[in-house]
Amino acid sequence: MNKVTGRYSEGNSEGISNEISDQYLSFRGFCKTAHGSSKLFLGWQKKFFSLVGTKSSSEIDSNLDDEFSELMGPTVTKGMLEKNVEAELCKDDVDGEDMEMPHDKLKLSDSESDARQGESLREKVPMELFKAITAAPVLSLDRVMDEWIEKGNDLTRTEITFIRIYLRRRHMYKRALQLFEWLELKRQLIFTDTDYASHVDLIAKVHGLHKAETYVERVPKSFISEVVYLSLLANCAYKGYMKKSEEIFNKMRNLGFPLTSSVCSHLLLLYKKKDKKKFVDVLLLMKKENVKPTDIIYQILIDAKGQSNDIAGMEQIIETMKAEGMEPKMYTKSIIAKHYIFGGLVGKAENVLKQMEGEIEENHMVCRHLIALYANLKKVDDVRRIWQLCEPKARIIDCMTAIEAFGKLHKIEEAEAVFDKMSQEGIHLTSKHYYPLLCIYASHKMLAKGKDLVKRMSERGCPIRPLTWDGLIRLHIKAGEVEKADTILQKGAQHTYLKPKVTSYVAVMEEYAKRGDVHDTEKIFYKMRQAGYVCRIHQFQCLIQAYINAKAPCYGIADRMKADNVFPNRVLENMLLQSDPFKKTLPPDLLN
């Protein structure tokens, strides 16, 4: 942990603790000595050892999905058609107004079953309290709750459960955390282990992992159960902190908690991105301790094979899953279709989509996945057809998916029509609801319409925040007004409580680099670091490209990268050699 900032960071793998591997995951020879080994796990070994060493980590990391996207439901949105650069950069983006936490799908207290329960609780919650909580400024939430109790009203667990579910679904984590803190302080709720787990999760989201760990130390020992540490592990794994995740895992083992499928799911997600060898070790550990694979685990394995472009291996896993009596569910089918699409297997993708269409009547959520997937296949008529089925019962997320899909297909008027429908429903829209249409205007160089949309936002009382700044920056960049985009970025950086998205900095930086403007590229690079963002490979690529385009030597860049624990892939290695005419080879310690 950084003692100055209180934030965790992970650099290169050298020096990272091997505790988890040595103590619990070193079962490479297990398959030779175990008796009565599961046929399923032997199959996994054969299929997944091929993941190790088949490609360089940089090649695997360049896949189109963020490593945790499968748990959000793998809607194929704009990020899947672009490089993984934005997904990688956004890991450091802590704006909060539009952040998704994919690992929530694995939480016990905030799972899909809780969400379904929330729907049935809606009628039981006093709307006066509900509206007061959602409308009150965050700093005034304590006063709202105090006034509710002072009026003689009760506050039941049923009401608290629904409010918690509602706030979390809308990513209003600060408000949800303050509610939990008030409940604990005023003793208005007898906390269970799942309540403590939810509290830990909210602290990690709002204040970071160090604060969450500190809170865990204060939880009464009688309530320290697996779910409390699972909440901590989930957040560490989501952030990609491998060493810290392993420490938490080892602590769970030392406390005697059983190995569960939920723990394995988080480890698999972590190692799918960070360390393919340990990915296989988790499977071997599951075999040793007889942990049966769940739908989520199969989903991760299928996606891992798809990301490594091993379609045949992916299909073998699907067959293994079916042989174990589990049919792929909607999310898993979306993943399968996604990999078929990007693998160029259009016929197979369409077969999966037809199967998904058969589930529309039972599960309305299928529509938005179909809309996004058909958009990636450039099937305009199918997108329109599914949207017509979805439209009568469309929720905001369905509308946003349709807006992105029509924008991707260059059907601007249809995207605008969906947006108008969404805005006329009487629902209070935030900046994230305007963002897809703003991005469409930016990509199509429609500067006037983009400015008009932001004006409409302001007139409707919608705060202009980092998402909107990002859209405006992209809008001006596409219109060739890079200096104007830079001005918006600098004004956003002066905000007291918010900061521009990391992708906003990178977008401006890329444009200056294309021009060979070394001074301004270095300026944005410095401002990005000043804002607290970690510099990654792509930022250094932009910086070096500016020097290359300016035909200027880039002195000391290798040392700067080494200081930031950034180690070059093949592309960056070539750029480094190209930018420094005085060196024929890179220093050995940088290449290690």
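Residues numbered from 1 in each chain as written. Predicted model: local features only at pLDDT ≥ 70, side-chain atom pairs only at ≥ 80, totals over all residues. Heavy atoms only, no water.

Per an unreviewed UniProt entry, the recorded name for the chain is PROP1-like PPR domain-containing protein, and the organism is Solanum pinnatisectum. Per UniProt, the chain carries the Sequence similarities (unreviewed entry) text "Belongs to the PPR family. P subfamily." (UniProt positions renumbered as here; feature names shortened; annotations may be inferred.)

## Here's the deal with unusual backbone geometry
The backbone of Asn309 shows a phi angle near 60 degrees, a positive value even though the residue is not glycine. Topologically, Asn309 is positioned in the loop between α17 (295-307) and α18 (311-323). (Helix = DSSP H or I, 4+ residues; strand = E, 2+ residues; numbered from the N terminus.)

## Describing the environment of Arg460
You can see Arg460 is positioned in the loop between α26 (447-459) and α27 (466-478). According to the relative accessible area criterion, Arg460 is partly exposed, its value standing at 45%. (Buried < 20%, exposed > 50% of the residue type's maximum accessible area, 1.4 Å probe, protein only.)

## With respect to the pattern of salt bridges
Summed over all chains, the structure comprises 31 salt bridges. As a salt-bridge pair, Lys272 and Asp303 come within 3.4 Å of each other at their nearest N and O atoms. Placement of Lys272 in helix α15 (residues 261-274) and of Asp303 in helix α17 is noted, with a sequence separation of 31 residues between them. Note on accessibility: Lys272 and Asp303 belong to one class, buried. (Salt bridge = Lys/Arg side-chain N within 4 Å of Asp/Glu carboxyl O.)

## Some words on the UniProt feature "repeat: PPR" (unreviewed entry) in the chain
The positions UniProt marks with the feature "repeat: PPR" (unreviewed entry) are residues 225-259 and 501-535. Across residues 501-535 one finds 77% helix and 0% strand; the C-alpha atoms that close the span lie 13 Å apart.

## What about the side chain of Glu511?
Turning to its location among the elements, Glu511 is positioned in helix α29 (residues 502-515). We classify Glu511 as buried; its relative accessible area is 18%. When near neighbours in sequence (up to four residues on either side) are disregarded, Glu511 contacts Ile477 and Val482. (Contact = heavy atoms within 4.5 Å.)

## What about the packing of aromatic side chains?
Inspection of every chain in the model, using the stated rule, returns 9 aromatic pairs. Ring centres of Phe162 and Tyr166 lie 6.2 Å apart, and the angle between their planes is 45 degrees; on these two criteria the pair is classed as tilted. One end of the pair, Phe162, and the other, Tyr166, are both in helix α9 (residues 157-169), 4 residues apart, so they sit about a helical turn from each other. Overall, Tyr166 belongs to the buried group, its relative accessible area being 18%. The interplanar angle of 85 degrees and the centroid separation of 5.9 Å between the aromatic rings of Phe180 and Phe191 together place this pair among those described as edge-to-face. Within this pair, whereas Phe180 is found in helix α10 (residues 173-185), its partner Phe191 is found in the loop between α10 and α11 (193-207), the two being separated by 11 residues in sequence. Accessibility assignment for this pair places Phe180 and Phe191 in one class, buried. Here the aromatic cluster, defined as three or more aromatic residues joined through ring pairs, consists of Phe180, Phe191, Tyr196, Tyr215 and Phe223. Here the guanidinium or amino end of Lys205 rests over the ring plane of Tyr173, the centre of that ring lying 5.3 Å away. (Phe/Tyr/Trp six-rings, centres within 6.5 Å; stacked < 30°, edge-to-face > 60°. Lys NZ or Arg CZ within 6 Å of the ring centre and 35° of its normal.)

## Overview of α27
Taking 1.5 Å of rise per residue, 13 residues should cover 18 Å, and α27 covers 18 Å from first to last C-alpha, within 8% of that figure. Among the residues of α27, those classed as buried are Pro466, Leu467, Thr468, Trp469, Asp470, Gly471, Leu472, Ile473, Arg474, Leu475, His476 and Ile477. Of the residues flanking the end of α27, it is Gly480, one or two places downstream, whose phi is positive at about 85 degrees. (Expected span 1.5 Å × (residues − 1).)

## What to know about the packing of helix α20 (residues 346-357) against helix α21 (residues 366-376)
Where α20 contacts α21, the two axes come as close as 10 Å, and the packing angle between them is 160 degrees. One way to sum up the angle between α20 and α21 is to call them roughly antiparallel. Crossing of α20 over α21 shows left-handed handedness. Along the contact surface, α20 presents Leu353, Lys354, Met356 and Glu357, while α21 presents Val366, His369, Leu370, Leu373 and Tyr374. Per-class residue counts for the contact of α20 with α21 are 6 nonpolar, 1 polar and 2 charged. (Axes fitted to C-alpha atoms, helices over the stretch in contact; angles between N-to-C directions. Parallel < 35°, antiparallel > 145°, perpendicular 65-115°, else oblique. Left-handed = near helix turned anticlockwise from the far one by under 90°. Nonpolar A, V, L, I, M, F, W, Y, C, P; charged D, E, K, R; others polar.)

## Description of the packing of helix α7 (residues 127-135) against helix α8 (residues 141-150)
For the pair α7 and α8, the least separation of the axes is 9 Å and the interaxial angle reads 165 degrees. Considered as vectors, α7 and α8 are oriented roughly antiparallel to each other. Once α7 is placed against α8, the crossing between them reads as right-handed. In this structure, α7 contributes Glu128, Leu129, Ala132 and Ile133 to the contact, and α8 contributes Leu141, Val144, Met145 and Trp148. Of the residues contributing to the contact of α7 with α8, the split by class is 7 nonpolar, no polar and 1 charged.

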